[in-house]
Every structure is written in structure tokens, then in C-alpha cells.
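What follows is each chain in one-letter form.
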Amino acid sequence: MRVGLIARSDRTGLGNQTRNLARMIRPDEIMLINSTVFNHNEQHPEIYAQYSVTEINGFPTNAQVIEWLRGVDLVITCEVFYNPMFVDLAKKMGVKTINHFNWEFADYLRQPELTLPDKLVSPSKWHFEDARRLWGNVEYLPTPVFVDDFEEVRKHNMSRTGKKRFLHIAGRPAVNDRNGTEDLIQAMRYSSEDFELVIKAQVGSIVNTFNDPRIIIDTSSPENEVELYRDFDAMILPRRYGGQCLPMTEALCAGLVVLMTDVAPNDSVLPKHWLIEAKKVGTFMTRTLIDLYTVDHTALGQRIDFLAKKDLHTDKKVAYNIGYKEFSNYELEGKWEKMIGETYGV
């Protein structure tokens, strides 16, 4: 069986998702989508230098899809196939298809006439039962984290002492402040302990509204993304909505306690005492209607103060154990291989 992967090489969540899958699955062929024409992001095709790559500028034509499909027996993509006829063309050629989809951007919700792939795989448990009810053949398999990459950073985080340092990853801000950056800044009004909060962002739009000297805005972009997690004790991520959360899975594997909102799918992964009360404040439309939450600012500020005073050594071990069991490449590789084999054999 020759496996093909549709991949991205920009530094986005989708780029990281396809990069990690390529590393674990080791596909025979890659269709590499140059996303510059539709999102203007910087491209890093060197990530896939060791693979057989066909680069496509933007969206592949039917002819390009057919030509590429001749070299594979099964195709995996993340979120979209970049051509609405892709699955139909693959079926005509006897090529199996798998979509590792993200619920909020699943085109099948808005365009139910689209032909479904042979297998839909959800990277999180967010709306998993809804997906099964709609599409039937859905499986849960997260994006892998390569835990050995985090070993040195994790050891450093486990052994650090002194004033607590907390991490918040704002990244490239998504619609409706997905990672809850503004909620976190608001919550700092209800915190009085001495610690550092480092907000890491890809753009300079994050503002320390209250001029709190404990808040550091960091817009640097390390070449090795593992370094994002170095020298911290916990990550504070009061996420307002969303399913797959690579910053959460990576932080756990870096040995960081993770505070998040007490909503799905966070509550299916994290211990109850790491979750902060949140309330629904509205909805917005992506491919479907999405609930939007806000964290209780007072409760979050108080929980941050609690962490600032607590010995977190045991909690960091708990974090890593969760990360390893749920998201490590060692735990997931066999499950992915089994799912691919079963899909090909259908």
C-alpha cells in the first residue's frame, strides 16, 4: 500500500498537524499545498525535504489531482482536500481517502452534498458524537506529539525553582480570541501573587491593558518550537472554543500544568481541578454554529495565585503522564497504522 498525504508547510496549526502526521506515518508521496495564494503565510517546504513531494500552488486542479493519485493507494488529509472533486476522483481511481478533520471547519456541515471520504478521523472529542450521528464512520485519533523532542525542556521545567513562570500562547490570534488572551489579561486584576506571565504571540497586537509589570509580551519565534515551552511551570489557556489544541498537548508533554476552561473537550483530558468555571456568552458561525465561552475572571485570577504559591513538582509529573498516555507518538503510532490498514481493506 502506497500512502499519500496532503500537507501544509506554513507555521499554522494545520501546518503543524500535517507535519506531525508525516513524521509518524512516513508517507510515500506528499502533495504539498503552497498556501501563500490564500493566506500569505511564509512557507517552509524544507520540512518535507526527505519525502517525495509534489508542490501545488494554492488549490489543485482536477488534472493535478488525477496525476498525483496515480502514485498512491490511500490518501490522508487534514481538514480539507483543497478540491471539492477530490474524493470523487479518488473513488473512480480506487484510491481510499481519510480526512483528519477539525469540526469547526468541516465542509460537510455546510455542504452536505460533498462525497464523504472512506474514513473521517477526529483529532479531539469535541462534537465527536455529533459527527458520528451525522456521518457514521468516525474515529477518534489525536495528532501525535513526539515526546522525545521535549525531554530536555521537560527535565528543565521539572527541576526549576524560584518565582513561578506561567505561559500563555496567543499565537496568531484567531476569530473571537479563541485562546482567551483578553480574558486572561482581565483575570490578572484578581491576582496579587508575585510571578511572571509570558504571553507569546506571532504578531504585535497583544496589549498589556493594565500595565501589569508581571506580564511580558514575547513576539519572538524560536526556530525550534519546543523552545516555546522552556523554563515555565504552567500554561494558562482559558480557551473560548475549539477542539484540537496542539499548545495544550505539547505543554503537557513539556511537563507543564495546564489551566483551561471547564468546557468540552478540555474536560475529557485535564483533571477537574485544572479547569476553571466558564459560561456561554454567545455563538458565531464557521461551517456550523459554534458556542463561545468566557472564563470566570475572578476564579481564574485566584487559581493562578494558588499555583504561584504551590509546589508543582507532582502536578508536573501528572501533566507529563497525561501527555504521554493521550498524545505521544509511542501510544498513537500503532493506532494510526491499524486505522489506515482497516480503511484500505474496506
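Here, the structure is the one placed above.
Position numbers for residues start from 1 in each chain and track the written sequence from start to end. With the structure being a predicted model, the display of local features is reserved for residues of pLDDT at least 70 and the display and counting of side-chain atom pairs for 80 or more, all residues being used for whole-chain, interface and lining totals. Water and hydrogen atoms play no part in the side-chain values, which are based on all heavy atoms of the structure.

### Notes on the packing of aromatic side chains
Two aromatic rings, taken as a pair, are described by how far apart their centres are and by the angle between their planes. Two rings from Phe, Tyr or Trp (for Trp, the six-membered ring) form a pair when their centres sit within 6.5 Å of each other. Planes less than 30 degrees apart are called stacked, planes more than 60 degrees apart edge-to-face, and all others tilted. If you walk through the whole model with that rule in mind, you get 13 aromatic pairs. Judged by centre distance (4.7 Å) and plane angle (70 degrees), the rings of Tyr241 and Phe284 are edge-to-face. Placement of Tyr241 in the loop between β11 (234-237) and α9 (246-253) and of Phe284 in strand β14 (residues 278-285) is noted, with a sequence separation of 43 residues between them. Each residue is assigned to one of three classes by its accessible area relative to the maximum for its type, calculated with a 1.4 Å probe on protein chains only: buried under 20%, partly exposed between the two thresholds, exposed over 50%. Residue Tyr241 is classed as buried on the basis of its relative accessible area of 7%. The interplanar angle of 65 degrees and the centroid separation of 6.0 Å between the aromatic rings of Tyr320 and Tyr324 together place this pair among those described as edge-to-face. Of the two residues, Tyr320 and Tyr324 are both situated in helix α11 (residues 313-327); the distance of 4 residues between them amounts to about one turn of the helix. Cluster of aromatic residues (ring-pair linked, three or more members): Phe101, Trp103, Tyr108 and Trp135. We call a charge positioned over a ring when the NZ of a Lys or the CZ of an Arg lies within 6 Å of the ring centre and within 35 degrees of the ring normal. Directly above the aromatic system of Phe146 lies the positively charged group of Arg23, at a separation of 4.0 Å from the ring centroid. We note Arg154 situated over the ring of Tyr320; from NZ or CZ to the ring centre the distance is 3.9 Å. Secondary structure elements are defined from DSSP: runs of H or I of at least 4 residues count as helices, runs of E of at least 2 residues count as strands, and each element is numbered from the N terminus.

### Quick look at the side chain of Asp212
When you line up the elements, Asp212 lands in the loop between β9 (196-201) and β10 (215-218). Looking at Asp212, its side chain comes within polar contact range of the side chain of Arg214, at 2.8 Å. In protein, a polar contact means a hydrogen-donor-capable atom and an acceptor-capable atom, both N or O and within 3.5 Å, with residues adjacent in sequence counting only if both atoms are side-chain atoms; elsewhere, any N or O pair within 3.5 Å suffices.

### Topic: helix α7 (residues 151-159)
All of the buried residues along α7 are Val153, Arg154, Asn157 and Met158. An end-on view of α7 places all buried positions within 135 degrees of arc, on one side of the element. Seen from the buried face of α7, the exposed residues on the opposite side, beyond 90 degrees, are Lys155 and Ser159. Working definition: the arc comes from the directions between the helix axis and the C-beta atoms, pointing outward to the latter.

### Looking at the sheet that holds strand β1 (residues 3-8)
Being paired, for any two strands, means DSSP has found at least two bridges between them. With parallel pairing, 7 strands are arranged side by side in an open sheet as β3-β2-β1-β4-β5-β6-β7. Bordering the open sheet on either side are β3 (53-57) and β7 (138-140), each of which pairs with just one other strand. The sheet shows a mean angle of 20 degrees between the axes of neighbouring strands, direction not considered. Of the pairings in the sheet, the one linking β1 to strand β4 (residues 74-78) comprises 3 bridges and is parallel in character. Looking at the pairing, Gly4 lines up with Val75 of β4. Note on contacts: a residue pair is in contact if any heavy atoms of the two residues lie within 4.5 Å. Here an axis means a line fitted to C-alpha atoms, over the contact stretch when the element is a helix, while the angle between two N-to-C directions is reported on a 0 to 180 degree scale. Here helix α1 (residues 13-25) sits on the sheet and contacts β1, β2 (29-34), β4 and β5 (96-100); the angle it forms with β1, its principal contact strand, is near 150 degrees.

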